[in-house]
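What follows is the residue order along each chain.
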Amino acid sequence: MGDNKVAPGSPSAVAAPPAALVLEQAPGAGRAGRARPPRHLADLDPAGRRAAVAELGQPGFRADQLSRHYFGRLTDDPAQMTDLPAAQRAELGTALLPRLLTAERELTCDQGTTRKTLWRAFDGSYVESVLMRYPDRITMCVSSQAGCGMACPFCATGQAGLTRNLSTGEIVSQVFAGAADLARGQVPGGPGRVSNVVFMGMGEPLANYASVLAAVRRITDPAPDGLGISQRSVTVSTVGLVPAIRRLAAERLSVRLAVSLHAPDDELRDELVPVNRRWKVAEVLDAAWDYAAATGRRVSIEYAMIRDVNDHAWRAEALAGLLAGRLAHVNLIPLNPTPGSRWTASDPDVAREFTERIAARGVPVTVRDTRGTEIDGACGQLAGAQVQV
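Since the structure is predicted, the reported quantities are computational estimates derived from the model, not experimental observations.

### What about the overall build of the protein?
Phase 1 of the analysis: For the protein, the helix and strand inventory stands at 12 helices and 12 strands.
Phase 2 of the analysis: Expressed as a percentage of its 389 residues, the buried residues of the protein come to 55%.
Phase 3 of the analysis: Of the contacts formed within the protein by residues at least 6 apart in sequence, a portion of 69% connects residues at least 24 apart.

As structure tokens, this is what we get:
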């Protein structure tokens, strides 16, 4: 590939009617008058669970019993909870284990080891999760919002707009479902455990900060308080909400931060990632380096490779210049095009040169495994198709 740099001030290669940018929404809120999801055991910390069962006139240890079943034994069926009094099982289940998500559609590939599920929430909202089983790990990719308010023009979810934030329980339910199926041997490869969780599905996780933070704690707290997955195996992605990145750093968690950068220069990133008009590349990366310093964790820089848009050789050099010597790793993502979109993945030779230029500057770089292409693997594709039906 040549150094076909786009001249500053030239007509944009990515001009598109902008979708609405929504930076923040109250937890669980959506359109005016929208009801919140039912309260769930996973919404509550251990003290909150004991208070909830007390409201039902039950002793506090019932909360511990429910937690052991849900988080430890991966069951949410009260009928199987034989250590609970038969007369109270249904009441406790209705009050604290309501069905938050119903599987509407499921697609598989890779001999069944990659599975994408379209979930319908209580209010008809659609969200997606993906389970990916590799020889050395099992990863769940989960959604944090129904839709997304970040308005990135190459993303199916971003162009659909934001419906609402997910509750903590709705987020955890996605991981629970995958964990339960794995424990029961319902995924090819035999019984297993979720080892990694990535908040890279639908939505901007840090725009739903409170619910995502609580979900991280439920996912990582040891059973029976949570699912017991290591914090170091959880990745929270963001397009660059700087105040929220700094807030997350102050939590002193061990989760990895992934920054969806997609361009090293403000001119292009303003268009690819509209939130860049508020927080520029330098501000986003400064916050990311502070996060790395606070946690000791390497920051993942996500970069979707879009043909003739952000894959120029000079941009590879610019990206490497920003990251050289930093606690960072570049994750290049071949764009998974959405139906009818003019966006498409970079030519393999172009992507190879882009990768080599970054590596030559001493910056760790990998190309993401493109699982799920044949099952509408890009986040938002399955939900978007369902809405159109």
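### Let's talk about unusual backbone geometry
Phase 1 of the analysis: Across the junction of Ala223 and Pro224, the peptide omega takes the value 10°, indicating a cis bond.
Phase 2 of the analysis: Here Pro224 shows up in the loop between helix H6 (209–220) and strand S8 (234–238).
Phase 3 of the analysis: The backbone phi angle of Arg252 is positive, close to 60°, even though this residue is not glycine.
Phase 4 of the analysis: Tracing the chain through its elements places Arg252 in the loop between helix H7 (242–250) and strand S9 (256–260).

### So, the sheet that holds strand S1 (residues 101–109)
Phase 1 of the analysis: Read across the open sheet, the 10 strands follow the order S1-S2-S3-S4-S7-S8-S9-S10-S11-S12; overall the sheet is mixed. Two strands in the sheet have a free side with no partner beyond their single neighbour: S1 and strand S12 (365–367). In this sheet, neighbouring strand axes are inclined to one another by 20° on average, regardless of whether the strands run parallel or antiparallel.
Phase 2 of the analysis: Looking at chain direction, strand S4 (residues 138–141) and strand S7 (residues 196–199) are connected through three bridges and run parallel. Opposite Thr139, over in S7, you have Asn196 as the bridge partner.
Phase 3 of the analysis: Sitting on the sheet, helix H5 (residues 168–183) is in contact with S1, strand S2 (114–121), strand S3 (126–133), S4 and S7, with an inclination near 35° to S3.

### Some details on the confidence of the model for the protein
Phase 1 of the analysis: Looking at the protein, the pLDDT average stands at 90 and 87% of residues meet or exceed 70.
Phase 2 of the analysis: Confidence drops under a pLDDT of 50 for residues 384–389, and excluding neighbours within four residues, the segment shows five contacts in the predicted structure.

### Considerations on helix H3 (residues 86–96)
Phase 1 of the analysis: By the burial criterion, the buried members of H3 are Arg89, Leu92, Gly93, Ala95 and Leu96. One face of H3 carries all of its buried residues, which in axial projection span an arc of 165°. In H3, the exposed positions that point more than 90 degrees away from the buried face belong to Ala87, Ala90 and Thr94.
Phase 2 of the analysis: The inward-facing, buried residues of H3 contact helix H1 (46–55) and helix H2 (61–72).

### Topic: the pattern of salt bridges
Phase 1 of the analysis: For the coordinates displayed, the defined rule picks out 19 salt bridges.
Phase 2 of the analysis: Residue Arg137 is joined to Asp136 by a salt bridge in which the shortest nitrogen-to-oxygen separation is 3.0 Å.
Phase 3 of the analysis: Between Arg368 and Glu302 there is a salt bridge, and its shortest N-O distance comes to 2.4 Å. Pair noted here: Arg368 is in the loop between S12 and helix H12 (381–388) and Glu302 is in strand S10 (residues 299–305), with a separation of 66 residues, a long-range link.
Phase 4 of the analysis: Relative accessible area serves as the criterion here: at 3%, Glu302 is assigned to the buried category.

### A short note on the environment of Leu56
Phase 1 of the analysis: Relative to the elements of secondary structure, Leu56 occurs in the loop between H1 and H2.
Phase 2 of the analysis: Judged by its relative accessible area of 24%, Leu56 falls in the partly exposed class.
Phase 3 of the analysis: Taking the C-alpha atoms as reference points, Leu56 and Leu92, separated by 36 residues in sequence, lie 8.0 Å from one another.
Phase 4 of the analysis: Discounting chain neighbours no more than four positions away, the residues touching Leu56 are Glu91, Leu92 and Ala95.

### Thoughts on the pairing of S1
Phase 1 of the analysis: In this structure, S1 lies alongside S2, joined through eight bridges in antiparallel fashion. Along S2, the bridge assignment pairs Thr102 with Arg120.
Phase 2 of the analysis: Between the antiparallel neighbours S1 and S2 lie four residues, among them Asp110 with a positive phi of about 55°.

### Some points on the packing of H1 against H2
Phase 1 of the analysis: Contact pair H1 / H2: the axes reach a minimum separation of 8 Å and the direction vectors enclose 120°. On the basis of the axis angle, H1 is oblique to H2. Crossing hand, H1 versus H2: right-handed. Packed against H1, whose contacting residues are Arg49, Arg50 and Val53, the element H2 presents Arg62, Ala63, Asp64, Leu66, Ser67 and Phe71 at the interface.
Phase 2 of the analysis: Of the residues belonging to the contact of H1 with H2, the class tally is four nonpolar, one polar and four charged.

### A few points about the packing of aromatic side chains
Phase 1 of the analysis: Within the structure shown, the criterion is met by four aromatic pairs.
Phase 2 of the analysis: Their ring planes at 90° and their centres at 4.9 Å tell us that Tyr70 and Phe71 sit as a pair that is edge-to-face. Here the two residues Tyr70 and Phe71 agree in accessibility, since each one is buried.
Phase 3 of the analysis: Taking the centre distance of 6.5 Å and the plane angle of 70° together, the rings of Phe154 and Trp343 count as edge-to-face. One end of the pair, Phe154, is in the loop between strand S5 (145–147) and helix H4 (156–160); the other, Trp343, is in the loop between strand S11 (328–334) and helix H11 (348–360), with 189 residues separating them in the sequence.
Phase 4 of the analysis: Here Phe154 falls in the buried class, since its relative accessible area comes to 10%.
Phase 5 of the analysis: For Trp343, a relative accessible area of 6% translates into the label buried.
Phase 6 of the analysis: Here Arg137 stacks its cationic end above the ring of Tyr134, 4.0 Å away from the centre of that ring.
Phase 7 of the analysis: One residue, Arg342, lies across the ring of Trp343, its end atom 4.8 Å from the ring centre.

Definitions and cut-offs
- Residues numbered from 1 in each chain as written.
- Predicted model: local features only at pLDDT ≥ 70, side-chain atom pairs only at ≥ 80, totals over all residues.
- Heavy atoms only, no water.
- Helix = DSSP H or I, 4+ residues; strand = E, 2+ residues; numbered from the N terminus.
- Buried < 20%, exposed > 50% of the residue type's maximum accessible area, 1.4 Å probe, protein only.
- Contact = heavy atoms within 4.5 Å.
- Pairing = 2+ DSSP bridges.
- Axes fitted to C-alpha atoms, helices over the stretch in contact; angles between N-to-C directions.
- pLDDT = per-residue confidence, 0-100.
- Arc of directions from axis to C-beta.
- Salt bridge = Lys/Arg side-chain N within 4 Å of Asp/Glu carboxyl O.
- Parallel < 35°, antiparallel > 145°, perpendicular 65-115°, else oblique.
- Left-handed = near helix turned anticlockwise from the far one by under 90°.
- Nonpolar A, V, L, I, M, F, W, Y, C, P; charged D, E, K, R; others polar.
- Phe/Tyr/Trp six-rings, centres within 6.5 Å; stacked < 30°, edge-to-face > 60°.
- Lys NZ or Arg CZ within 6 Å of the ring centre and 35° of its normal.

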